[in-house]
Amino acid sequence: MITFPILSLITFLPLLGALLIFCLRGEEKSVANNARIVALLTSLLTFGISIYMYAGFNPALSGFQFVESHAWLPGFNIAYKMGVDGISVFFILLSTLLTPICVLASWDSIKSRVREYMMAFMLLETMMVGMFSALDLVLFYVFFEAVLIPMYLIIGVWGGKNRVYAAFKFFLYTLLGSVLLLIAILAIYNQTGTTDIPTLMSSSLPPEMQKWLFLAFLASFAVKVPMWPVHTWLPDAHVEAPAAGSVILAGVLLKMGGYGFLRLSLPVLPVASHYFVPLIFGLSVIAVIYTSLVALVQEDMKKLIAYSSIAHMGFVTLGIFAMTTQAVQGAMFVMLSHGVVSAALFLCVGVVYDRLHTREIARYGGLVNNMPVYAAIFMVFMLASVGLPATSGFVGEFLVLVGAFKVSTLATFLAATGVVLGAAYMLYLYKRVVFGEIVHDDVKAMKDVSAREIAIFAPLVALVFWMGIYPSSFINPMAPAIEKVIARYDSANQIPRTPAGVATPEGR
Amino acid sequence: MTAFQFNDLLAALPEVKLAALALLLLLLAVLPKKQNYRLVSWLAVATLAFTGVLVACSHEGTAFGGMFVSDKFSIYMKLLALGGSAVSLVMATAYLERENVNRIEYPVLVLFATLGMMLMISANSLIALYMGLELQSLPLYVLAAIRRDSVRSTEAGLKYFVLGALSSGLFLYGASLVYGYSGSVDFPQIAGVLQGGSALLPGVVTGMVLVLAALAFKISAVPFHMWAPDVYEGAPTPVTAFFAIAPKVAAIALLTRVLTVPFGGMAAEWQQVIVAISVLSMLLGAVAAVVQTNIKRLLAYSSIGHMGYALVGLAAASAAGVQAVVIYMTIYAVMGAGAFSVVLMMKKDGKMVEEIGDLAGLGKSQPLLAFAMAVLMFSMAGIPPLAGFFGKLFVFQAAVAAGLYTLAVVGVLTSVVAAYYYIRIVKVMYFEEPRTAGFDAARDRGLNFVLAAATLAVLVFIVVPAPVLTSAHAAALALLP
C-alpha cells in the first residue's frame, strides 16, 4: 500500500528536474551535457516511480486510487485533486516511458540550446502526467492547456524550416478549442457547484444543457484528437517539430483528446454523448477513409505518418462512442498501441533524418542493403501500424471493429476499409524507403543504427509484441473503469444490455 | 452636515498624512541648491510605503460627514495603487537620470497623483469623487509632458489634457443630472432614492451614462480609448508604466464603487452599457494590437483589452464579479509592472529602443530577461498555469454565474486573438536570430528587482492563490454584502 502522495511526486519530479537544469552554470558545452544527463536521470527516475505506482495499483477496483486532495482556491469549491483509475494509469505510464526515450533520441540531434530543450521536455512531462491524473476539472484544464507552452517552444525553436507557421497554427488552433472547454467547465461549476470529476461522474445535468456542453467539449477534444475537419494543424506541427517533439505529440498529446472524451464527455454528459453518436461516427469514418487516402499520396515521411495518425484516431473516436465493452477497450488499446507505434515510427524517421537531413521519401530507397537492422526495426513498427496479428496494432483495431459492429454496421464497414488502406500506404512507404536499389550515393554511405538507437527502440519493440501477444495484461486492469463508464452511459440513456455487456438490438 | 470633529479624520488618516508628507517633501526638495533627484525619489517611495502601512491598519468608517469612506474594498485597492506608484517610481529612477529628465517634481507629482487616487477610491459622494479624480488627473497631465523639449512628450501631455478635460466635463454634466434627479450627491442617499420606484427617470439614466463615459475615459475603455496609444507611446516610458498601473487600479475601483453603491439599484440599466464597453474593449484590444510594431503601443492596446476583461467581472453585477475584478486588477498590475520593466531595459548602445523587432534573439543573448518576458507574455495571454489565467478564470466565472454566456464566449474568443500577439513577442525573442548584440547590461538593481519579483509572482500564484483570493473576497463583500 502506497501512502505518500505518489501522483504528485510523479507529476512534479520532472519540474524539479527542469529547475535543476535551469540552475546549471558553466561552459556551454558542459551545461549542455549536464542538462542531457539530468533530464535523462530525472525522466528515468520518474518512469521508475510510475512503475512502482503501477505495481501498487489494484486492477480489480473501478474507482480512483492514490487519491490526493488539498484545498486550492479558497471560496471556490475547486480543489487540487489527483487520482488514477484503470483508464488513466496507462496514459501516465505511456508519458513517463516516452519522455526518457525522447531525451535519448535528441541526445545528438539537438545541438543548440540544449538546456532550454531539456527543460521544455521536463515541463511537458509534468503537464502530461498532471493532466492524466487530475480529478478536478479546473486542475485538468490547467494542465491540459499548459501543455501548449512547452510544445509551442519545442516546435518553434528546434523545428524545421516552416516552424514559425507550424508553431503558431498549433498554438492558436488548440487554444481556440480549449477556451470553449473553459466556459463549459464554468457552466458545469455553476450548475452543480463542484468541479470534482468523481462527483460529476455520478451527478446528472439537464439534457438540454448537456448538448451545449458536449459541443464545447467536442470543440476542445476534437482539435486535440484531432478529428476531421479540425486536423489540419497536425501534419504541419508534425513535419516541423523535431523528431522527439513529434514522438511526444503523436505518442501522448493526441491521446489527450481521446482521454478527454472517455474521462469527461461520456461520464459527465452521457445523454448528450448518446445524442451526438451519429455525428461522431460520421466524422470518424470520414477521418479514417479520407486521411488514409491523403496519406497514400504523401511525399514526406513525417506527413504520411501524421495522416496515418489521424486515421488511427478515427478508430479511437469510433470505438469510444460505440460504447460497448469491446469497442471502448479496443479504443483504449488503439490509443496505447498508437502511442508506442507512432512514436517509434517518428523515431525511425528521425534516425534517417539525422543522417541525410531530408524527409523526402524519394531521396531514400534500398536501405535494406546497408541498414539491415534498421530495416528490421522499421518493419516491426510498420506492420504494427498496419495491424498485423501478433502486434499491438491488431488487437485494438479488431476490438473496435467488433464492438462497433453491434452499434452501426455501416460505420464499421466503412471504417474497416481504413484497415486495407492503412496496409496500402504503410507498405508502399516501406517499399519506397527500404527496398529497391540504392540510387543515391549519400544513402549508400549511411550507417546502420547505433547502440544508443537500439537502446531506444528495444523497449518499444518488446512492448509492441507484448501488447500484441498478451493483450489481457493491459485490458484486464482497465476493464473495471471502462465498465463503470459504460454502465453509467447505459443507465442514463436506458439502454438494456445482456450481462455479457452486449446491447440488445432493440436497445439501440 | 454635522460639525467637524477630530474623530472624523481617523478614517482618512493615511490621506491626511500623505498630503502633509508630500508637501513636506516638496519643500525639502526645492531647498538645497543642488537638487538631489535620487534622494527625493527614494524618500517618495518611503512615503508611499509608510502610507501603505497606515492604510493597512487604518480604521474603517466614514469621514468628512460621510463624503469619504474607508472599508475593506478601499483598503485593498489603495494598497494596490500605492504599490503601483511606488514600483513605478523605483522603475523610473535610472531611466530619468539617464535621459536627463530627473526633475525633483517627478516624485512629488507622483505622490500627489497617488493621493488623488486614494481619494477616488474612498470617495463616497459625487463631489469627493470629482475632487479625487481631478487631483489625480492634473499631475498626470504634467507627468505626460515632463520631457518639455520632446515634441512627442508634450503632444502626449496636451492630448491627454484636452481629452481628460472633456471627460471631466462629461462627468460634471452627468453628476449634475444625477444630483438634480436624485436630490443628493451622497452615494448612500442616491442609492436609497434609486432603490425606489422613481429609479428609471430618464434624467438619472442619462446622468449615469455620462458618468460612466467619463470613467471609461480614465480606464481607456473603448470607445473612449483614443488617447491611450498616443499617450503611451509619447510619454517617457516610466511615465507610461506609471499610467498603466496605479491610475487604472484607482479608476476601476472608483467605477466599481459608483456602479455598485449609488447605482446598485440600476444594475439592469448599466449592465448593458458595461457589457458593450467590455466587448468593444476586448475586441479592439485584441485586433488592433496585432498590427503594432512599437512595444509601448502594443502594451497600450493590450491594456485596453485587459480593461475589457476586468469589466467582464463588473458586468456580472455580483459580489463574485467584484471579487473577480479585484483579483484581475491585482494580477494585471503585477504583469504590467513586469512587462514595463522589460521595456525599460530595452537599451541598445546607450539609446532606448521601442520596436518589437529589437527583441529579436533575446532568448540567446539574454536568456534570463527573455525568460521573464516570455512568462509575462504567456501570462497576459491567459495561458495556465500562470497568474494571468486565473485573472481571466474568475472574471469569466462571475460572468457565467450571472448568465452572461455570450459575453464570456466573446471574451475567451478574443483572448485567442490576443494570444497571437503575445506569443508573437515570444516568437521574436526565441525563434529569431539576434540581429545585433543584446541590450546593454541593466545595472539598475531596482528595475531588476521589480522584474524578478513580478515574474516570480506570476509563476507562483498558482501555488499560493489564497491571500489574494481571500482579501479580494473580503473587499468585494464590503461593497456588496
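Bear in mind that the values here come from a model prediction, so they are computed numbers and not experimental data.

K.L.:
Mind laying out the overall build of chain B, listing which residues take part and the relevant values?
P.N.:
Check the secondary structure of chain B and you find 19 helices and four strands. Taking 481 residues into account, the globule formula puts the C-alpha radius of gyration at 23 Å, and chain B, at 21 Å, falls close to it. Projected onto the principal axes, the alpha-carbon positions of chain B cover approximately 70 × 60 × 40 Å. For chain B, the residues scored as buried account for 63% of the 481 residues in total. The contacts of chain B with a sequence gap of at least 6 include a subset with a gap of at least 24, amounting to 82%. Carbon together with sulfur atoms contributes 68% to the accessible area of chain B, which is approximately 16,500 Å² in total. The centroid of the 27 positive side-chain charges in chain B is displaced by 5 Å from the centroid of its 22 negative side-chain charges.

K.L.:
Quick rundown of the overall build of chain A? Include the residues and the values.
P.N.:
Counting secondary structure elements, chain A contains 22 helices and two strands. Computed over its C-alpha atoms, the radius of gyration of chain A comes to 22 Å, within 12% of the 23 Å expected for a compact globule of 508 residues. Referenced to the eigenvectors of the C-alpha coordinate spread, the extents of chain A come out at roughly 65 × 55 × 40 Å. Relative to its full complement of 508 residues, chain A shows a buried share of 66%. Just so you have it, chain A exposes about 16,800 Å², and 68% of that area is on carbon and sulfur atoms. Within chain A, one finds 29 positive and 26 negative side-chain charges whose respective centroids are separated by 2 Å.

K.L.:
So, the interface of chain B and chain A: which residues are in play, and what are the values?
P.N.:
With 40 residues of chain B in contact, the opposing surface of chain A contributes 33 residues. Of the roughly 3,400 Å² buried between chain B and chain A, counting both surfaces, carbon and sulfur atoms make up 82%. Its largest share of buried area at the contact with chain A, chain B owes to B:Gln397, B:Val416 and B:Phe431, together 19% of the area lost on that side. Viewed at the interface, chain A and chain B are joined by zero salt bridges. Linking chain B with chain A are five residue pairs in polar contact (both at pLDDT 80 or more), by the criterion used here. At the level of secondary structure, the elements contributing two or more residues to the side of chain B that touches chain A comprise helix 14 (362–365), helix 15 (367–381), helix 16 (387–401), helix 17 (405–430) and helix 19 (466–479) of chain B.

K.L.:
Could you give an account of the domain arrangement of chain B, with specific residues and numbers?
P.N.:
Residue and element names in this part refer to chain B. Each domain of chain B was delimited in the assignment, giving domain 1 (1–262) and domain 2 (265–481). Centre-to-centre separation of domain 1 and domain 2, based on C-alpha positions: 22 Å. Opposite the 50 residues of domain 1 that make contact, domain 2 presents 50 residues. For the pair domain 1 and domain 2, the summed buried surface comes to about 4,300 Å²; carbon and sulfur atoms form 77% of the total. On inspection of domain 1 and its partner domain 2, the count reaches three salt bridges. Between Arg297 and Asp230 there is a salt bridge whose closest N-O contact spans 3.2 Å.

K.L.:
Describe the nonpolar core, listing the residues and the values that go with them.
P.N.:
Grouped together as the largest cluster of nonpolar side chains are 404 residues, with contacts concentrated most on A:Trp72, A:Tyr152, A:Phe171, B:Tyr106, B:Leu143, B:Met329 and B:Phe390. With 20 residues, helix 15 (residues 325–356) of chain A is the largest single contributor of residues to this core. Split by domain, this core shows at least three residues from each of two domains, domain 1 (1–262) and domain 2 (265–481) of chain B. Of all hydrophobic cores here, the second largest spans five residues; its members include B:Ala11, B:Ala12, B:Phe68 and B:Leu119.

K.L.:
Quick one: what's the story with the side chain of A:Thr291, residue by residue and with numbers?
P.N.:
Residue and element names in this part refer to chain A. Structurally, the position occupied by Thr291 is in helix 13 (residues 277–296). A polar contact is formed between the side chain of Thr291 and the backbone oxygen of Ala287, at a distance of 2.2 Å. Residue contacts for Thr291: discarding those within four places in its chain leaves Ile286, Tyr307, Ile310 and Ala311.

K.L.:
Describe in detail the packing of helix 4 (residues 114–133) of chain A against helix 6 (residues 148–158) of chain A, supporting the description with residues and values.
P.N.:
All names here are of chain A. At a minimum axis distance of 9 Å, the contact between helix 4 and helix 6 shows a crossing angle of 150 degrees. Overall, the two elements helix 4 and helix 6 adopt an arrangement that is roughly antiparallel. The handedness of the crossing between helix 4 and helix 6 is left-handed. For the pair formed by helix 4 and helix 6, the contact residues are Glu116, Tyr117, Ala120, Phe121, Leu123 and Leu124 on the first element and Pro150, Met151, Ile154 and Trp158 on the second. The residue inventory of the contact of helix 4 with helix 6, partitioned by class, reads nine nonpolar, no polar and one charged.

K.L.:
I'd love a proper account of the pattern of salt bridges, names of residues and values included.
P.N.:
All names here are of chain A. Inspection of the entire model under this criterion finds 22 salt bridges over all chains. One salt bridge connects Asp85 with Arg263, and the closest N-O pair in it is separated by 2.6 Å. With Asp85 in the loop between strand 2 (78–84) and helix 3 (88–105) and Arg263 in helix 11 (residues 243–268), the pair connects residues that are 178 residues apart, well separated along the chain. The exposure classification of Asp85 matches that of Arg263, with both residues buried. With a closest N to O distance of 3.3 Å, Asp300 and Arg359 form a salt bridge. One end of the pair, Asp300, is in the loop between helix 13 and helix 14 (301–322); the other, Arg359, is in the loop between helix 15 and helix 16 (367–370), and 59 residues separate them in sequence. Since its relative accessible area comes to 17%, Asp300 is described here as buried. For Arg359, a relative accessible area of 16% corresponds to the buried category.

K.L.:
Summarise helix 16 of chain B; cite the residues concerned and give the values.
P.N.:
Counting along an α-helix, one turn takes 3.6 residues, and residues three or four places apart therefore face a common direction. Residue and element names in this part refer to chain B. Here helix 16 contains 15 residues, and its C-alpha end-to-end distance of 21 Å stays within 8% of the 21 Å for a straight helix at 1.5 Å per residue. The element helix 16 is largely enclosed, with a buried count of 14 among its 15 residues. Just downstream of helix 16 lies Gly403, where phi reads positive at about 80 degrees.

K.L.:
Describe the packing of aromatic side chains, listing the residues and the values that go with them.
P.N.:
Per the stated rule, a full pass over the model turns up 50 aromatic pairs over all chains. With a centroid separation of 5.4 Å and 70 degrees between ring planes, the pair formed by A:Phe378 and A:Tyr430 is classed as edge-to-face. Residue A:Phe378 is located in helix 17 (residues 372–386), and its partner A:Tyr430 is located in helix 19 (residues 409–434); the two are separated by 52 residues in the primary sequence. The exposure class assigned to A:Tyr430 is buried, which follows from its relative accessible area of 5%. Look at B:Tyr232 and B:Phe340: their rings are 6.5 Å apart centre to centre, the planes differ by 55 degrees, and that puts the pair in the tilted class. Of this pair, B:Tyr232 sits in helix 9 (residues 227–234) while B:Phe340 sits in helix 13 (residues 319–345), placing them 108 residues apart in sequence. Overall, B:Tyr232 belongs to the buried group, its relative accessible area being 1%.

The rules behind these values
Residues numbered from 1 in each chain as written. Chains lettered and ligands numbered in written order. Predicted model: local features only at pLDDT ≥ 70, side-chain atom pairs only at ≥ 80, totals over all residues. Heavy atoms only, no water. Helix = DSSP H or I, 4+ residues; strand = E, 2+ residues; numbered from the N terminus. Rg over C-alpha atoms; globule rule 2.2 N^0.38 Å. Buried < 20%, exposed > 50% of the residue type's maximum accessible area, 1.4 Å probe, protein only. Contact = heavy atoms within 4.5 Å. Areas by Shrake-Rupley, 256 points an atom, 1.4 Å probe, with all protein chains shown as cover. Lys, Arg positive; Asp, Glu negative; His and termini not counted. Charge placed at Lys NZ, Arg CZ, Asp CG, Glu CD. Buried area = accessible area lost by both parts, 1.4 Å probe. Salt bridge = Lys/Arg side-chain N within 4 Å of Asp/Glu carboxyl O. Polar contact = N/O pair within 3.5 Å; in protein donor to acceptor, adjacent residues only side chain to side chain. Domains from an automatic or database assignment. Core = buried A, V, L, I, M, F, W, Y, C linked by side-chain atoms within 4.5 Å. Axes fitted to C-alpha atoms, helices over the stretch in contact; angles between N-to-C directions. Parallel < 35°, antiparallel > 145°, perpendicular 65-115°, else oblique. Left-handed = near helix turned anticlockwise from the far one by under 90°. Nonpolar A, V, L, I, M, F, W, Y, C, P; charged D, E, K, R; others polar. Expected span 1.5 Å × (residues − 1). Phe/Tyr/Trp six-rings, centres within 6.5 Å; stacked < 30°, edge-to-face > 60°.

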